[in-house]
Amino acid sequence: MGVLDGKVILVTGGGNGIGKETALLAAREGAKVIVNDLGGGLKGEDEGSSGPAETVAAEIRAAGGEAISNSESVTDYAAVAGMVTQALDTYGRLDGIVNPAGILRDGMFHKMPESDWKAVIDVHLHGSYNVARAAIEYFREKEHGAYVFFTSTSGLIGNIGQANYAAAKMGIVGLSRIVAMEGAAKKVRSNVIAPFAWTRMIASIPVKDEASAQRVERMKQGMRADQVAQLAVALCSDQSANVSGQIFGVRGNEVILFDQPRPVKSLARLEGWNPESLISHCFPAMSPDFTDLGATASVFPYDPI
C-alpha cells in the first residue's frame, strides 16, 4: 500500500531530474502517472523530443505500474488542458499535479536580452498559470485536488545572475498562495517547494575554481533529486489534507519550512511624512531591521562588471 494508491498524478518536466524522480516515486506509491516532458534542452531553444517522457513512462510500466507520456509544452495553455483531458480520458480522474518543468537562461540583468527574460517567465510563471488554470475547475467541482509548484531560493533569498528566474519563481509563490486561499473551501490545496538538488540545471553552473568544484561535488552527492521527490509526493497525498499555502525547502535529508513576507516594523508621524523626514527619521529608525543583500558572491560566478 502506498500513499497515492488509486490516485492519478500529472508530473511536468518528468523526463529528467526532480520531475523524473517524482514520477517514478509516485508510481511506486500507487499512482497512475502522466509523465509530461517537452524533451528540450536546458535553455528551451530546441523543438524537443518525446523520448524523455516516454522513457520514464516505460520504466514505470516495466516495474508494474501504470503510466502514459506527453511531450507538449507547459507554455501552451491548450496543450496543458490537453494533458488534463488525457488523464481523464485514460484514467477517469486527476488528483494532483506536480510542476517542476523549467528552463534557465542566466546572465547579469544589465546584459540580459528581452528574449531571455520572456522565455524564462513564459515557462516558469505562465507555465504554472497554465497548469493551475487547466485543472482548477475540475478540482473545485470534485472538491479534491493538490498542486505542487516549484520556487527557488534565487527568488526567496536572491542569486546574482538570475533576475528572470528569481522574478518568475517569486511569482509562483504568490500564485500558489492565492490558489490555496481560494481553494480552501473546495478542498483544493497548493504548496511550493524550493529544492536544493543536483539536476541538469545545477550541472550547468560554470565552475571556475577548486572551491566551487568542491561545493558542486558535495551538492551532487548529498542533495539529490530523489530526496525532493519524497516531499512532492507526500504533498499530493490525502494524508496531507491539512497542508496548503506553504513554502517548503528540501536540502538533502532536511525539510525546511520558509516564513512568508509579513510586516516587521512600522513608524507613524502625526503630521505626515515628506521626503526630508523620511530620509532623516524613518529610514534611520527602520535600518536596523532592513534585510541585507547577503553575500555579493554567487554560486553562478558571472563577471559583475
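Structure: above.
What counts, and where the lines are drawn
- Residues numbered from 1 in each chain as written.
- Predicted model: local features only at pLDDT ≥ 70, side-chain atom pairs only at ≥ 80, totals over all residues.
- Heavy atoms only, no water.
- Salt bridge = Lys/Arg side-chain N within 4 Å of Asp/Glu carboxyl O.
- Helix = DSSP H or I, 4+ residues; strand = E, 2+ residues; numbered from the N terminus.
- Phe/Tyr/Trp six-rings, centres within 6.5 Å; stacked < 30°, edge-to-face > 60°.
- Buried < 20%, exposed > 50% of the residue type's maximum accessible area, 1.4 Å probe, protein only.
- Lys NZ or Arg CZ within 6 Å of the ring centre and 35° of its normal.
- Patch = residues over 30% accessible without salt bridge, like charges linked within 9 Å, V, L, I, M, F, W, Y side chains within 5 Å.
- Areas by Shrake-Rupley, 256 points an atom, 1.4 Å probe, with all protein chains shown as cover.
- Axes fitted to C-alpha atoms, helices over the stretch in contact; angles between N-to-C directions.
- Parallel < 35°, antiparallel > 145°, perpendicular 65-115°, else oblique.
- Left-handed = near helix turned anticlockwise from the far one by under 90°.
- Contact = heavy atoms within 4.5 Å.
- Pairing = 2+ DSSP bridges.
- Right-handed = clockwise from strand over helix to strand, strands pointing away.
- Nonpolar A, V, L, I, M, F, W, Y, C, P; charged D, E, K, R; others polar.
- 1 Å grid on protein atoms, 1.4 Å probe; cavity = no way out; pocket = protein on both sides within 12 Å on 5 of 7 lines; lining within 4 Å.
- Points joined across faces, edges and corners; volume = space filled by probe spheres on them.

A.B. asks: Hey, could you run me through the pattern of salt bridges in this one?
C.D. replies: A side chain of one charge can pair with a side chain of the opposite charge when the charged atoms of the two come close. One pass over the full model with this rule turns up 11 salt bridges. Across the pair glutamate 54 and arginine 61 runs a salt bridge, and its minimum N-O distance is 2.4 Å. Of the charged contacts, one joins lysine 118 and glutamate 114 as a salt bridge, the two residues approaching to 3.0 Å between their closest N and O atoms. Linking lysine 118 with glutamate 114, this pair stays in helix α4 (residues 114-142), spanning 4 residues, or about one helical turn.

A.B. asks: Can you help me understand the packing of aromatic side chains in this one?
C.D. replies: Pairs of aromatic rings are described using the distance from one ring centre to the other and the angle between the two planes. Across all of its chains, the model carries 5 aromatic pairs by this definition. An angle of 65° between the planes, with centres 5.2 Å apart, marks the rings of phenylalanine 139 and tyrosine 147 as edge-to-face. An identical accessibility class is assigned to phenylalanine 139 and tyrosine 147; each is buried. An aromatic cluster is present here, built from Tyr138, Phe139, Tyr147 and Phe149 joined pairwise through their rings. Between the NZ or CZ atom of arginine 251 and the centre of the ring of phenylalanine 196, over which it lies, the distance is 5.5 Å.

A.B. asks: Could you clarify how one ought to interpret a nonpolar patch on the surface in this entry?
C.D. replies: A grouping of Ile279, Phe283 and Phe290 is seen on the molecular surface, where their side chains present a nonpolar patch of about 340 Å² in accessible area. Here isoleucine 279 shows up in helix α10 (residues 275-286).

A.B. asks: When you look at the packing of helix α1 (residues 17-28) against helix α9 (residues 225-236) in this model, what are you seeing that I'm missing?
C.D. replies: To characterise two packed helices, one gives the angle between the axes of the helices and the distance between these axes. Between α1 and α9, the shortest axis-to-axis distance is 8 Å and the interhelical angle comes to 55°. Here α1 lies oblique to α9, going by the angle between them. Crossing hand, α1 versus α9: right-handed. Here α1 contributes Gly17, Ile18, Glu21, Thr22, Leu25 and Ala26 to the contact with α9, which in turn contributes Ala225, Asp226, Val228, Ala229, Gln230, Ala232 and Val233.

A.B. asks: How should the pairing of strand β1 (residues 8-11) be read in this particular structure?
C.D. replies: Along any regular strand the residues' side chains alternate between the sheet's two faces. Of the two faces of β1, the one lined by Val8 and Leu10 and the one lined by Ile9 and Val11 are each fully buried. Here β1 pairs with strand β2 (residues 32-36) via 4 bridges, running parallel. In the sheet register, leucine 10 faces β2, and the bridge partner there is isoleucine 34. Crossover connection from β1 via α1 to parallel β2: handedness right-handed. Bridge count between β1 and strand β4 (residues 96-99): 3 bridges; the pairing is parallel. Along β4, the bridge assignment pairs valine 11 with valine 98.

A.B. asks: Before we go on, may I ask you to explain the packing of α4 against helix α6 (residues 163-183) in this structure?
C.D. replies: Across the interface, α4 lies against α6 with an axial gap of 8 Å and an inter-helix angle of 15°. For the element pair α4 / α6, the angle class is roughly parallel. Between α4 and α6 the crossing geometry is right-handed. Side by side, α4 and α6 meet where Asp116, Trp117, Val120, Ile121, His124, Leu125, Ser128, Tyr129, Ile136 and Arg140 of the first sit next to Ala163, Asn164, Tyr165, Ala167, Ala168, Lys169, Gly171, Ile172, Leu175, Val179, Glu182 and Gly183 of the second. Of the residues contributing to the contact of α4 with α6, the split by class is 13 nonpolar, 5 polar and 4 charged.

A.B. asks: Please explain the pairing of strand β7 (residues 247-251) as it appears in this structure.
C.D. replies: Counting buried residues in β7 gives 4 out of 5 residues, a clear majority hidden from the surface. Note: strand β6 (residues 188-196) against β7, 5 bridges, orientation parallel. Bridge pairing in β7 places phenylalanine 196 opposite arginine 251. In this sheet, strand β8 (residues 254-257) lies alongside β7 in antiparallel orientation, the contact comprising 4 bridges. Within the sheet, the bridge partner assigned to arginine 251 lies in β8 and is glutamate 254. Counting the residues that bridge the hairpin from β7 to β8 gives 2 residues, and of these glycine 252 lies at a positive phi of roughly 65°.

A.B. asks: Could you clarify how one ought to interpret the side chain of serine 154 in this entry?
C.D. replies: Along the chain, serine 154 turns up in helix α5 (residues 153-158). On the basis of relative accessible area, serine 154 is assigned to the buried category, the value being 8%. In this view, serine 154 contacts Asn159, Gln162, Tyr165 and Ala166; residues no more than four positions away in its chain are not counted.

A.B. asks: When you look at empty space enclosed by the protein in this model, what are you seeing that I'm missing?
C.D. replies: A water-sized probe, rolled over the atoms, reveals where empty space remains. For the structure shown, the criterion picks out 2 cavities of 30 Å³ or more. In this structure, the largest cavity encloses a volume near 40 Å³. Forming the boundary of the largest cavity are Val173, Ser176, Arg177, Val192, Gly245, Gln246, Ile247 and Gln260. It is α6 that provides the largest number of residues to the lining of the largest cavity, a total of 3 residues.

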